[in-house]
Amino acid sequence: MSTTVRIVGPNEVRRCSKCLLPETQETITYDNQGVCNVCKQHEYKNESIDWVKREKELRELIEEYRGRYQYDCIIPYSGGKDSTYTVYKLVRDYNVKPLVVSFDHGFYRPQTMANTKSVMKQLGVDYHLFTPNWKVVKKLMAESLRRKGDFCWHCHTGIFSYPMQVAVKFKIPLLFWGEPSAEYTSYYRYDEKEEVDEKRFNRFINLGITADDMVGMIEGVDMRDLEPFRYPALKDLKAINYRSVCLGSYIPWDPKKNSEIIKRELGWKGAPVEGVPPEYDYEKVECMVQGVRDYLKYVKRGFGRTAHLASLDLRNGRITPEKAQELIDKYDGKRPASLDLLLHYLDMSEEEFEKIAMSHVVAPHKHDPKKIKKGEPLPDMPQWDRTK
Ligand SMILES: [Zn+2]
């Protein structure tokens, strides 16, 4: 059990003395100085990892697989800053021939699709896009929202399962993901090289619900409908001798710098995001309902996307705690306009949504719906598809 030097009252939420992340963040712990374990990992990343040695390991890994299969590797791709940087870096600096694989969650924003088209052309790569059945997706969203207070099960399971299925089907054993989760959370530490495998999938991707569980929970779907969301069998992955790793385990990962590089080199464009200051126009730009996801987190845990971004900048010494607090107060926790669209898709009332969200509040945080103000709609919202 860790303690902090600051005395907190029974109802006060404890926060990291360095990055301000609250105790309602999953897996967070604090040391005697009140510094959180994510901050500790960040120090470790900058001070204790031999990045020259890691980069040499990256080269060896690539050479081990180069030219032996139809593609040197698979790069799972969302169109966001991290996966775009991953494709850019591996193609431009390491000359790999990847199959880039996207699992379309159904909520790509217009700028993301334009970016993707341009990036694939400029880098000269083969691109594989899969879009699951929208009617199934809607059922999955409603079910996981009601059960876990999180409607993104379909997206997270699909994004991590589907590229693994492609690996098995096309017999491409090497997969490169982008940022390691140690950058943001403490499910893994920076000193363990994080394998993006089924253990990790079950640890924090699938909310403890498998595709097989979902079949039993939802009316009118069968196992074939859920196949895109199912992690491949370990024996099938072992049969191709798979390796599924994060590029950020081998080269130091800096989301802000990476986004500057892809903007400059590829003309990748950011976009405004609900609940986020305009200077972070590179963060989570690929999803129409990101604002709702972040708002749900705010209701449940008392902090949103701006607190998360401010924590990264605080760790990097890029802003002062005062400035961070000012941004958090100004941007976090507004009721996003995109919630209207999500409720429209799901045929759900706002009362029901709020009731579900409130039933998942993490103590000691308390949510007060009366204090919530409305956020402004995003400029591209009129172009979003409203098909139910
Ligand atoms: Zn911290």
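Note: the structure precedes this text.
Residues numbered from 1 in each chain as written. Predicted model: local features only at pLDDT ≥ 70, side-chain atom pairs only at ≥ 80, totals over all residues. Heavy atoms only, no water.

**Digging into the packing of aromatic side chains**
Put simply, the rule reads: For Phe, Tyr and Trp, rings pair up if their centres lie within 6.5 Å, where Trp contributes its six-membered ring, and each pair is then called stacked (planes under 30 degrees apart), edge-to-face (over 60) or tilted (otherwise). What counts as a helix is a DSSP run of H or I of at least four residues, what counts as a strand is a run of E of at least two, and both are numbered from the N terminus. Type-normalised accessible area, obtained with a 1.4 Å probe on protein chains alone, sets the label of each residue: buried when under 20%, exposed when over 50%, and partly exposed for intermediate values. Both a distance and an angle decide whether a charge sits over a ring: NZ of Lys or CZ of Arg must be within 6 Å of the ring centre and within 35 degrees of the ring normal.
Evaluation of the coordinates by the stated rule reveals 16 aromatic pairs. Look at F103 and F229: their rings are 5.8 Å apart centre to centre, the planes differ by 75°, and that puts the pair in the edge-to-face class. Taken as a pair, F103 in strand β2 (residues 98–103) and F229 in the loop between α9 (223–226) and α10 (234–239) lie far apart in primary sequence, 126 residues in all. Of the residues examined, F103 reaches a relative accessible area of 3% and is grouped as buried. Given a relative accessible area of 1%, F229 falls into the buried group. Here a set of aromatic residues connected by ring pairs shows up, and it is made of F103, F130, W153, Y162 and F229. We note R54 situated over the ring of W51; from NZ or CZ to the ring centre the distance is 5.7 Å.

**Overview of empty space enclosed by the protein**
The following threshold applies: A pocket here means an open set of points on a 1 Å grid, computed over the protein atoms alone, that has protein on both sides within 12 Å along at least five of seven lines. A cavity is instead a set of points where a 1.4 Å probe fits but cannot get out; residues with an atom within 4 Å of a point line either one. Grid points are joined across faces, edges and corners, and a volume is the space filled by probe spheres set on the points. Amino acids outside the nonpolar list (Ala, Val, Leu, Ile, Met, Phe, Trp, Tyr, Cys, Pro) and the charged list (Asp, Glu, Lys, Arg) are all regarded as polar, and Gly is one of them.
The full count for this structure, using the stated rule, is five cavities of 30 Å³ or more. By volume, the largest cavity amounts to about 70 Å³. Looking at the largest cavity, the residues that line it are E183, D254, P255, K256, Y280, Y282, E283, L309, L312, D313, N316 and R318. Considering every element that reaches the lining of the largest cavity, the biggest residue donor is helix α13 (residues 305–315), with three residues. Along the lines of polarity and charge, the residues of the lining of the largest cavity split into five nonpolar, one polar and six charged.

**Some remarks on helix α11 (residues 255–266)**
To keep things clear, this is the line we draw: An expected span of 1.5 Å times one less than the residue number is assigned to each helix. Directions are taken from the helix axis to each C-beta atom, and the arc is the one they span. Residues are treated as being in contact if the distance between any of their heavy atoms lies within 4.5 Å.
Spanning twelve residues, α11 covers 16 Å between terminal C-alpha atoms, matching the ideal 16 Å at 1.5 Å per step. Those residues of α11 not exposed but buried are P255, N258, S259, I262 and L266. Projected down its long axis, α11 shows its buried positions confined to an angular sector of 100°, all on one face. Next to the buried residues of α11 lie α3 (81–92) and α4 (110–123). Trailing α11 by a residue or two, G267 shows a phi angle of about 65°, which is positive.

Worth remembering: the numbers are spatial, not functional.
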